[in-house]
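Descriptive structure summary
Chain residues, written in single-letter form:
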Amino acid sequence: MKYADVILPLPLENSYTYSIPADLEQAVIPGCRVIVHFGKKRYYTAIVMEVHERKPDSQYETKEIYALLDATPVLRRPQLRFWKWIASYYLCKLGDVYKAALPSGLKLESETAVTYNEAFEADGPLRPNEQVVLDAFAGVLKLTVSELEKKTGLRNVVPVVASLMAKGAVEVSEELKRGFAPKMQTFIRLSEAYKDVETHGRASLQSVFDELKRAKKQELLLVCFLDLSHALNPALTRELSKKELLENSHCSPATLDGLLKRGVLESYEKEVGRLQVPVCRLQTPSPLSPAQEKAYGEIHDVFGTKDVCLLHGVTSSGKTEIYIRLIDEVLKMGRQVLYLLPEIAITTQITERLAKLFGDKLLVYHSKFSDNERVEVWNRLLHTDGPMLVLGVRSSLFLPFKDLGLIVVDEEHENTYKQQDPAPRYHARNAAIVLAGMHGAKTLLGSATPSIDSYFNATTGKYGLVELTTRYGDCLMPEILPVDIKELRRKKIMKDTLFSPILVEKINMALERGEQAILFQNRRGFAPVIECKSCGWVPHCVNCDVSLTYHKFRNELVCHYCGYKIQLPRQCPECQSPELRTMGFGTEMVEEEIDTLFPAAKVERLDFDTARTRTAYERIIADFEKGKTQILIGTQMLSKGLDFGNVSVVGILNADSLMNFPDFRAHERAFQLMVQVSGRAGRRDKRGTVILQTSGPDHPLIRMVERFAYKEMVRLQLGERSMFRYPPYYRLIVIVLRSRNDSILQELSVLYADNLRRRLGERVLGPVTPPITRVQTLHIRKIVLKIEIAAAIAPVREILEAVHAEMQRYLPFKQLIVHYDVDPA
Ligand code: ADP
Ligand code: ZN
Ligand code: ZN
């Protein structure tokens, strides 16, 4: 008897054992998907992890695998190893990893498409349910599982489908309901009659041109067509899409219709991959500057002895060009490359740049992509062994790579690399290093403001360190001018305004010269707090312990934690006073003031409210790039690897709000944000200016930003971190406890912490109440573990599991939701 250990998409056990029916013994192999029965009448798509002959010594009867979905694995061997590492390091279950790793198109639940086999003849009686399901196919060949359930009224058709599948009556395809339909595109070609160039083809074309004398637009379009497609020269002829033709000829579809009606051109449909960015001829990488060349050589040297290298290169030093050179090399060796970027930093800008160099070797994996596109990328990698470059967000770590040679983690300091919710709460940068290790690949971390953790590893010899201290093309680092807004307010020079006089002056100068300005305020909305002038009432969220942010555009008060919103009341509900005042400011207020200060300038805002969709985001960026907009206001969305050529002024409206929040990384983060935003200023021929508004211009951190004193910032922070037992000297594991019932939460969290303290001593802190004590109706408490960095995590995990098991003996513990956050960001 053979057994399979399978992973279910549930956060319970890591794996479950099922027996393999005799007829599937050969076919069930690791990495395939199967359908299994679990719990009360539930069926799941599971992944086979291991096949063996060890009979489980469970008191329960071992159930059989119901059906097999794949003839070949959908995973590659090393992937399971990586999943296991994630689950064990980030203290979650393999089921959590499974859910995060597979695009939902492959998790195939209710969306699975079932096809009826018309040639099927039953060689015995069918069970009633099977007959019902087959009857549902009257008149249709293909139905999804959920459609079948609706049509048949059966609660769970998956097992019925599975048995029909075994009998050959139906087939289950990977196609989705929305159709994993190939993408079709319209192409234009010369009609057959005009193709024969040698003989009458040319002559008849000539007659067409004669006819077109009175249809100038059509004539122009035909010339453009012949020019672009080389239709008259068989050696050079290339396919031309309708889109490309219209774009390049600047003609309207109506003009094209005219030519199609004349019969000189014809259109045809053709399947195109979604992933290809059409490029005619590939470019070669740009030559590197001497400084880049030197850095490139040093990275090579580092990779001779170390697996990880940190490239610390100032903003606009041309790090991307160095990555490109390394990527090119690895691809030429026939290996694969993963290029990781934070979600929002994957723009058309970088995609097009890479597509021009690497053509169809480039695959893009992005969460804003449709599931079809994700499945397409997955399958491309699964079925090709050749060199591929994947540009992707953190979840692309889970793709079925065959043989990675290099992982580039750009903007490695970005905390969005850490997944917050749900589990697995993994850090993509750290996980990338582990994944690279499994493939025998190298990892290159790049940033202008490296995370202190990576910098520490690079200076203590664990990673190599390569520095690039000059900007590409001898462009100067911007000049940073701190402005004391407290003083200006005291002297009444700044009254009822967010703009210091010097900032106004610099923006005016830039606008006069046809240059652009960027303004940074890390809060969206109009004002973070509204207060009643007479009684001090402040509106709060009903679900969370936070004040509501005022959004003037919609006249709404919004919770940024749960989305709860209400109309702004006309008067204070407590004392009926009509006078409500705002406190603090967000991007909306900045925008409003710009309209009065610089009425002639075209302004746009880049924040979560204006750039909700990918297209909106890209349009705002593109308009600014093209100079359609002169001033761009934004939140930290601005700091993510954008490269603008004409920005001469950057204004940081309020540096204080960046520095004052209770987190040990607050200063590190504030420094990174300010330096990154400043990095958007400056052009090749002129030095940029940054106006840094703060009420504490003498604050050491402001002084360090002023001088780009990164190393000094690190030294200061490291001193504090070692004193207070923080990373990189200690590893943090946070146990997050949440409950609707605050008193049970209080009581049990104390017990939990005491229990842990008995085994881990003073490594245990808390329970502590976080600054925001309630989110989405759940009260929150945290227990923090500070573990020596050299200590192995396995014994800690055992203790955590034991304590968790003990806590479950308290009945009210059921009212708690508990999760671990390892290396919180
Ligand atoms: P970073 O990522 O370090 O901030 P980028 O790679 O975006 O910098 O480069 C900054 C600018 O300099 C870009 O506009 C890029 O096209 C240009 N650049 C960098 N290196 C080269 C090179 N070797 N040849 C031509 N242009 C380059
Ligand atoms: Zn009031
Ligand atoms: Zn809320």
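Residues numbered from 1 in each chain as written. Chains lettered and ligands numbered in written order. Predicted model: local features only at pLDDT ≥ 70, side-chain atom pairs only at ≥ 80, totals over all residues. Heavy atoms only, no water.

The protein chain has the name Replication restart protein PriA in an unreviewed UniProt entry, where Parabacteroides acidifaciens is given as its organism. Entered under Function (unreviewed entry) in the UniProt record, the comment concerning the protein chain runs "Initiates the restart of stalled replication forks, which reloads the replicative helicase on sites other than the origin of replication. Recognizes and binds to abandoned replication forks and remodels them to uncover a helicase loading site. Promotes assembly of the primosome at these replication forks." Note on the protein chain: under the UniProt heading Subunit (unreviewed entry), the record states "Component of the replication restart primosome." (UniProt positions renumbered as here; feature names shortened; annotations may be inferred.)

From N to C terminus, the protein chain includes 26 helices and 34 strands. The C-alpha radius of gyration of the protein chain comes to 31 Å, within 12% of the 28 Å expected for a compact globule of 825 residues. Across its three principal directions, the C-alpha atoms of the protein chain cover 90 × 90 × 65 Å. A total of 825 residues make up the protein chain; the buried ones form 52% of that total. Between the mean site of the 110 positive side-chain charges and the mean site of the 102 negative ones, the protein chain shows a separation of 3 Å. (Helix = DSSP H or I, 4+ residues; strand = E, 2+ residues; numbered from the N terminus. Rg over C-alpha atoms; globule rule 2.2 N^0.38 Å. Buried < 20%, exposed > 50% of the residue type's maximum accessible area, 1.4 Å probe, protein only. Lys, Arg positive; Asp, Glu negative; His and termini not counted. Charge placed at Lys NZ, Arg CZ, Asp CG, Glu CD.)

Here we take up helix H5 (residues 145-152). Within the sequence span of H5, burial applies to Val 145, Leu 148 and Thr 152. Within H5, the buried residues cover an arc of 55° as seen down the axis, which keeps them to one side. Where H5 is buried, its residues meet strand S6 (113-116), helix H4 (128-135), strand S7 (142-144) and helix H6 (158-167). At the exit of H5 stands Gly 153, carrying a positive phi of roughly 75°. (Arc of directions from axis to C-beta. Contact = heavy atoms within 4.5 Å.)

Moving on to the sheet that holds strand S12 (residues 308-313). Across the sheet, seven strands lie side by side as S14-S15-S13-S16-S17-S12-S18; this open sheet has parallel pairing. Only two strands of the sheet have a single neighbouring strand rather than two, namely strand S14 (362-365) and strand S18 (464-468). Taking the axes of each pair of neighbouring strands and ignoring which way they run, one obtains an average angle of 15° across the sheet. Where strand S13 (residues 336-340) and strand S15 (residues 389-392) come together, four bridges link them in parallel fashion. Each bridged residue has a counterpart across the sheet, and for Val 337 the counterpart in S15 is Leu 389. (Pairing = 2+ DSSP bridges. Axes fitted to C-alpha atoms, helices over the stretch in contact; angles between N-to-C directions.)

The subject of this paragraph is the confidence of the model for the protein chain. In the predicted model, the protein chain carries a mean pLDDT of 89, and the fraction of residues at 70 or more is 94%. Counting contacts from residues 174-182, a segment whose pLDDT is below 50, to residues more than four positions away or on other chains yields 30 contacts. (pLDDT = per-residue confidence, 0-100.)

Once that is clear, we can look at empty space enclosed by the protein. Applying the stated rule across the entire model yields three cavities of 30 Å³ or more. Taken as a whole, the largest cavity encloses approximately 110 Å³ of empty space. Each residue belonging to the lining of the largest cavity can be placed in one class, and the counts come to one nonpolar, six polar and three charged. (1 Å grid on protein atoms, 1.4 Å probe; cavity = no way out; pocket = protein on both sides within 12 Å on 5 of 7 lines; lining within 4 Å. Points joined across faces, edges and corners; volume = space filled by probe spheres on them. Nonpolar A, V, L, I, M, F, W, Y, C, P; charged D, E, K, R; others polar.)

On to the coordination of the zinc ion (ligand 3), then. Only Cys 541 (SG), Cys 544 (SG), Cys 559 (SG) and Cys 562 (SG) from the protein coordinate the zinc ion (ligand 3), and they sit 2.2 to 2.3 Å from it. The coordination sphere of the zinc ion (ligand 3) comprises four donor atoms, whose angles at the metal cover 102 to 114°; the geometry is tetrahedral. Ordering the donors of the zinc ion (ligand 3) by residue number gives the pattern C-x2-C-x14-C-x2-C. In this structure Cys 541 comes out as buried when scored by relative accessible area, which is 6%. Relative accessible area serves as the criterion here: at 2%, Cys 544 is assigned to the buried category. (Donors = N, O, S within 2.8 Å, 3.2 Å for Na, K, Ca; no water. Tetrahedral: all angles 85-135°; square planar, octahedral: opposite > 155°, others 65-115°.)

We now examine the pairing of strand S16 (residues 404-410). The buried count for S16 comes to seven of seven residues, which makes it a mostly enclosed element. Judged from the five bridges that link them, S16 and strand S17 (residues 442-447) form a sheet pairing that is parallel. Across the sheet, Leu 406 pairs through a bridge with Lys 442, a residue of S17. Between the parallel elements S16 and S17, the chain passes through helix H15 (residues 428-439) in a crossover that is right-handed. (Right-handed = clockwise from strand over helix to strand, strands pointing away.)

Attention shifts here to the packing of aromatic side chains. Taken as a whole, this structure holds 19 aromatic pairs when the rule is applied. Ring geometry for Tyr 323 versus Tyr 339: centroids 5.7 Å apart, planes at 85°, classification edge-to-face. A residue pair is termed long-range when its members are at least 10 positions apart, and Tyr 323 in helix H12 (residues 319-332) and Tyr 339 in strand S13 qualify at 16 residues. Both residues of the pair, Tyr 323 and Tyr 339, count as buried. The aromatic ring of Tyr 365 is capped on one face by Arg 374, whose charged end is 4.9 Å from the ring centroid. Note that Arg 725 overlies the ring of Tyr 730, its terminal NZ or CZ placed 5.9 Å from the centroid. (Phe/Tyr/Trp six-rings, centres within 6.5 Å; stacked < 30°, edge-to-face > 60°. Lys NZ or Arg CZ within 6 Å of the ring centre and 35° of its normal.)

Looking now at the coordination of the zinc ion (ligand 2). Every protein donor of the zinc ion (ligand 2) is accounted for by Cys 532 (SG), Cys 535 (SG), Cys 572 (SG) and Cys 575 (SG), and the metal-donor separations fall at 2.2 to 2.3 Å. If you look at the zinc ion (ligand 2), its four donor atoms make angles of 105 to 114° with each other, and the shape they trace is tetrahedral. Going along the chain, you hit the donors of the zinc ion (ligand 2) in the pattern C-x2-C-x36-C-x2-C. On the basis of relative accessibility, which here comes to 0%, the residue Cys 572 falls in the buried class. Exposure remark for Cys 575: the relative accessible area of 32% places this residue in the partly exposed category.

To continue, consider the site of ligand 1. Taken together, 15 residues lie near ligand 1, and Pro 287, Gln 292, Ser 316, Thr 320 and Asp 643 sit nearest. In this structure, a nitrogen atom belonging to ligand 1 sits 2.9 Å away from a side-chain N or O atom of Tyr 472. Compared with its free state, where it exposes 560 Å², ligand 1 has 77% of that area covered by protein. The leading source of residues in the shell around ligand 1 is H12, at three residues. Grouping the amino acids of the shell around ligand 1 by side-chain chemistry returns four nonpolar, seven polar and four charged. (Near = heavy atom within 4 Å. Polar contact = N/O pair within 3.5 Å; in protein donor to acceptor, adjacent residues only side chain to side chain. Areas by Shrake-Rupley, 256 points an atom, 1.4 Å probe, with all protein chains shown as cover.)

Residue Pro 422 is reached from Asp 421 by a cis peptide bond, and omega for that bond is -10°. At the junction of Ala 423 and Pro 424, the peptide bond is cis and its omega measures out at 0° in the coordinates. Residue placement: Pro 424 occurs in the loop between S16 and H15. Non-glycine residue Lys 492 carries a positive phi angle of around 60°. Structurally, Lys 492 is set in the loop between helix H17 (485-490) and helix H18 (501-512). Given the relative accessible area of 58%, Lys 492 is considered exposed. Of note, the phi angle at Gln 776 is positive, near 50°, even though the residue is not glycine. Checked against the element boundaries, Gln 776 lands in the loop between strand S32 (774-775) and strand S33 (778-788). A relative accessible area of 44% means that Gln 776 is categorised as partly exposed.

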